[in-house]
Amino acid sequence: MSLGFKQKIALSASLFLGLSLLIFGVFSYYSSNTSLRHEIETIKLAQTHLLKTEIEAWLEKKINVLSATSDITATLPELSKTQVTPYLKIAKIHTNALQTFIGLEDGNMFYDNYDKKPKEGYDPRKRGWYMQAKAANGPIVTNVYIGSSTGQPMISLAVPVYVNGSFIGVIANDILLEEVIEKINSTKFEGGYAFATDNEGKLNFHPNKEVSNKKLSELDPSLKGIDTAVMSNASGIFEYQLNGAQKLLAFSKMNNGWNIFVTIDEDVAFKNIYDFLTTLLITGILMIIISLLLMRFILQAQFRPLSHLNQLIENLASSEGDLTKRLKVTSHDELGDISHNINLF
């Protein structure tokens, strides 16, 4: 089927308009996508930094209490149960600990409770909290563990004690992690949540209890590179897949080696972009349809003189051509010039 001149003009204009809208749409999509991605990454990193700051402040407050208790202990005339226990009680109250205790280089151990004694054969010098604090020559935070009596996630904080520059023991306490878990679990939003790993990379704070004590890299093949990324950077962004969903992961490393993570489903994060693209597509189609209707109306009006000219030429070409007929000149453009010149016959 051959196209008429008007149809060719309409088709050309439609193709030009469609191509223009397509280029504009692609440019707008990628520009908006880049801006939104940067904004989302910034927000998620800010959330990890906020959680990190809150948890570090929580830990620092408790460590400062133990450090102050260590300084006071170093000034006592003797390291006996009678002398030390009152300060251990105060430290327990101010750190909201389950118990506070001190292990000494001579093997003795005292608690915040006068009546409590270590189990038979218990040697504090061989315990992890004691050896870590001694080796670190400063405050330490143990890995998360499940308390034997509470069945709840816990940590131990420990600070070495020095008298006249000589190491004499370690003051420590056992802390439940309810506050930390509450802080992390409260960071929930549509399509995302927060979680944390300890300094060994194990998941100890996660909404899904089934992944507890697993490493992130064990959850999905796409997370194999996360360990390297976390070890190499204090904070950053990582993209991965989980159960077929594309996700965005922000992380921030704490001073004690823990890592705070905030993850979000990209379908949720970029929902506004997808909505924008759909709106742009619908708008573009409507614009093309409206433009075609307007163009048809305009072309019909503009090409009316040509239709009259065609009728006149057909009449002239016939055996009964009437050279006295005239075309009505309605414009001063090229079509008007043609009508004028035809009227000169």
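Summary of the structure given here. Computed from a predicted structure; not experimentally measured.

Take the overall build of the chain next. For the chain, the helix and strand inventory stands at nine helices and twelve strands. Sequence-distant contacts, at least 24 apart, represent 51% of the contacts inside the chain between residues at least 6 apart.

By the definition in use, this model includes nine aromatic pairs. Seen from their ring centres, F101 and W129 are 5.0 Å apart, and the 70° between their planes marks the pair as edge-to-face. Residue F101 is found in strand 1 (residues 99–104), and its partner W129 is found in helix 3 (residues 128–136); the two are separated by 28 residues along the sequence. For the pair F101 and W129, one class covers both residues: buried. When the centroid spacing of 6.1 Å and the interplanar angle of 50° are considered together, the rings of Y193 and F195 count as tilted.

Further remarks concern the side chain of T263. Looking at the secondary structure, you find T263 in strand 12 (residues 259–265). Its relative accessible area of 1% is what places T263 among the buried residues. A polar contact of 2.7 Å, which involves the side chain of T263, links it to the side chain of Y240. Ignoring sequence-local partners within four residues, the contact set of T263 consists of F189, G191, G192, Y193, F195, Y240, K247, L248 and L249.

Enumeration according to the criterion identifies four salt bridges in this entry. The salt bridge involving K134 is made with E105; its shortest N-O contact spans 3.3 Å. Residue K134 is located in helix 3, and its partner E105 is located in the loop between strand 1 and strand 2 (109–111); the two are separated by 29 residues in the primary sequence. Residue D123 is joined to R125 by a salt bridge in which the shortest nitrogen-to-oxygen separation is 2.9 Å. For R125, a relative accessible area of 34% gives the class partly exposed.

Turning next to the pairing of strand 12. Taken across its seven residues, strand 12 has seven buried, putting it largely inside the fold. Burial along strand 12 is two-sided: the face carrying N259, F261, T263 and D265 and the face carrying I260, V262 and I264 are both buried. Bridging between strand 8 (residues 192–197) and strand 12 involves six bridges; their strand directions are antiparallel. Bridge pairing links A196 to I260 in strand 12. Sheet topology note: the strand 11 (residues 245–253)/strand 12 ladder contains seven bridges and is antiparallel.

Moving on, we come to helix 3. Among the residues of helix 3, W129, Y130 and A133 are the ones counted as buried. Looking straight down helix 3, one finds its buried side chains confined to an arc of 100°; they lie on one side. Buried residues along helix 3 sit against strand 1, strand 2, strand 3 (140–141), strand 5 (153–163) and strand 6 (166–176). Immediately beyond the C-terminal end of helix 3, within one or two residues, lies N137, with a positive phi of roughly 60°.

A surface patch of nonpolar side chains, about 620 Å² in accessible area, is lined by I282, L286, I290, L294, F297 and I298. Tracing the sequence through the fold places I298 in helix 7 (residues 271–302).

Alternating positions in strand 10 (residues 235–242) separate cleanly, G236, F238, Y240 and L242 being buried on one face and S235, I237, E239 and Q241 remaining unburied on the opposite face. Strand direction decides the pairing type here: strand 10 and strand 11, joined by eight bridges, are antiparallel. What sits directly across from L242, in strand 11, is A245.

Take helix 2 (residues 81–95) next. With 15 residues, helix 2 extends 20 Å from end C-alpha to end C-alpha; this agrees with the ideal 21 Å at 1.5 Å per step. Burial in helix 2 covers these residues: V84, T85, L88, A91 and T95. Taken down its axis, helix 2 places every buried residue within 125° of arc, on the same side. Away from the buried face of helix 2 by more than 90 degrees, exposed residues T82, I93 and H94 are located. Backbone geometry just downstream of helix 2 places N96 in the positive-phi region, at approximately 50°.

Procedures and definitions
Residues numbered from 1 in each chain as written. Predicted model: local features only at pLDDT ≥ 70, side-chain atom pairs only at ≥ 80, totals over all residues. Heavy atoms only, no water. Helix = DSSP H or I, 4+ residues; strand = E, 2+ residues; numbered from the N terminus. Contact = heavy atoms within 4.5 Å. Phe/Tyr/Trp six-rings, centres within 6.5 Å; stacked < 30°, edge-to-face > 60°. Buried < 20%, exposed > 50% of the residue type's maximum accessible area, 1.4 Å probe, protein only. Polar contact = N/O pair within 3.5 Å; in protein donor to acceptor, adjacent residues only side chain to side chain. Salt bridge = Lys/Arg side-chain N within 4 Å of Asp/Glu carboxyl O. Pairing = 2+ DSSP bridges. Arc of directions from axis to C-beta. Patch = residues over 30% accessible without salt bridge, like charges linked within 9 Å, V, L, I, M, F, W, Y side chains within 5 Å. Areas by Shrake-Rupley, 256 points an atom, 1.4 Å probe, with all protein chains shown as cover. Expected span 1.5 Å × (residues − 1).

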